[in-house]
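Here is how the chains run, residue by residue.
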Amino acid sequence: VWIADSRIRAAAEHVAGGLRVAQAEAIKRNEDVEFILDPTADTGGWTLNLVATPATPLPAGVFQEGARLTQFTVLPAGNTIVTFSGLGTVRAANADASLPFEQVTIAPTTVVPGTRNLRVLVGGGRTGIKICDPQWTLIDPDDAKACPVP
């Protein structure tokens, strides 16, 4: 269980870190920056693009070690892009007119009894990027590690 939880934590930190890099790049450049998540197991990761004509690729991250042994569920389903404005806020729509994703739930690729999935939250009225534990919400919804109840 400890190893599976560590893999989940590594993946959540990797996604949250990538989102923070995208937000910082948008503020630094005062331009829109896209964070694009590739949730493919073993080969996935994230890339950043400067939303301009032509689009300029920025840093990228690849899931390594334990993080690649996890699965990602994005909500809204199928949306894998978040666009940050030059002020660091999440745009209401991405450059391709799709809605930005608001959360990514990370779970192990194989079921391990007792593991704790984690969730990365961005946008949706939030000003920051948060990693939370959806199971902790049932224990103590007022705790900082609990996911907000919709």
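Basis of the calculations
Residues numbered from 1 in each chain as written. Predicted model: local features only at pLDDT ≥ 70, side-chain atom pairs only at ≥ 80, totals over all residues. Heavy atoms only, no water. Phe/Tyr/Trp six-rings, centres within 6.5 Å; stacked < 30°, edge-to-face > 60°. Helix = DSSP H or I, 4+ residues; strand = E, 2+ residues; numbered from the N terminus. Buried < 20%, exposed > 50% of the residue type's maximum accessible area, 1.4 Å probe, protein only. Polar contact = N/O pair within 3.5 Å; in protein donor to acceptor, adjacent residues only side chain to side chain. Contact = heavy atoms within 4.5 Å. Core = buried A, V, L, I, M, F, W, Y, C linked by side-chain atoms within 4.5 Å. Pairing = 2+ DSSP bridges.

For the rest of this paragraph, the subject is the packing of aromatic side chains. Each pair of aromatic rings is reported with the distance of its centres and the angle of its planes. Taken as a whole and assessed by the stated rule, the structure comprises two aromatic pairs. One aromatic cluster in this structure is built from Phe35, Trp46 and Phe101.

Mapped onto the secondary structure, Thr105 falls in strand 6 (residues 103–108). Judged by relative accessible area, which is 16%, Thr105 ranks as buried. Only 3.1 Å separates the side chain of Thr105 from the side chain of Arg119, close enough to count as a polar contact. Residues in contact with Thr105, not counting those within four places in the same chain, are Gln71, Phe72, Thr73, Asn117, Leu118 and Arg119.

For the rest of this paragraph, the subject is the nonpolar core. Ranked by internal contacts, the top residues of the largest apolar core, which has 28 residues, are Leu19, Phe35, Phe101 and Val120. Contributing elements (two or more residues each) for this core: helix 1 (2–29), strand 1 (33–38), strand 2 (45–50), strand 4 (70–75), strand 5 (81–84), strand 6 and strand 7 (118–121). A per-element tally of this core places helix 1 first, with eight residues. In this structure, Leu19 is in contact with Phe35, Val82, Phe84, Phe101, Val120, Val122 and Ile129, ignoring residues within four places of it in sequence.

Here the focus is the pairing of strand 2. Taken across its six residues, strand 2 has five buried, putting it largely inside the fold. Bridge count between strand 1 and strand 2: six bridges; the pairing is antiparallel. Note that in strand 2 the partner of Asp38 across the bridge is Gly45. By the bridge criterion, five bridges tie strand 2 to strand 3 (residues 56–62) in an arrangement that is antiparallel. Its bridge partner being in strand 3, Trp46 is matched across the sheet by Gly61.

Treat this as a map of the structure, not an account of what it does.
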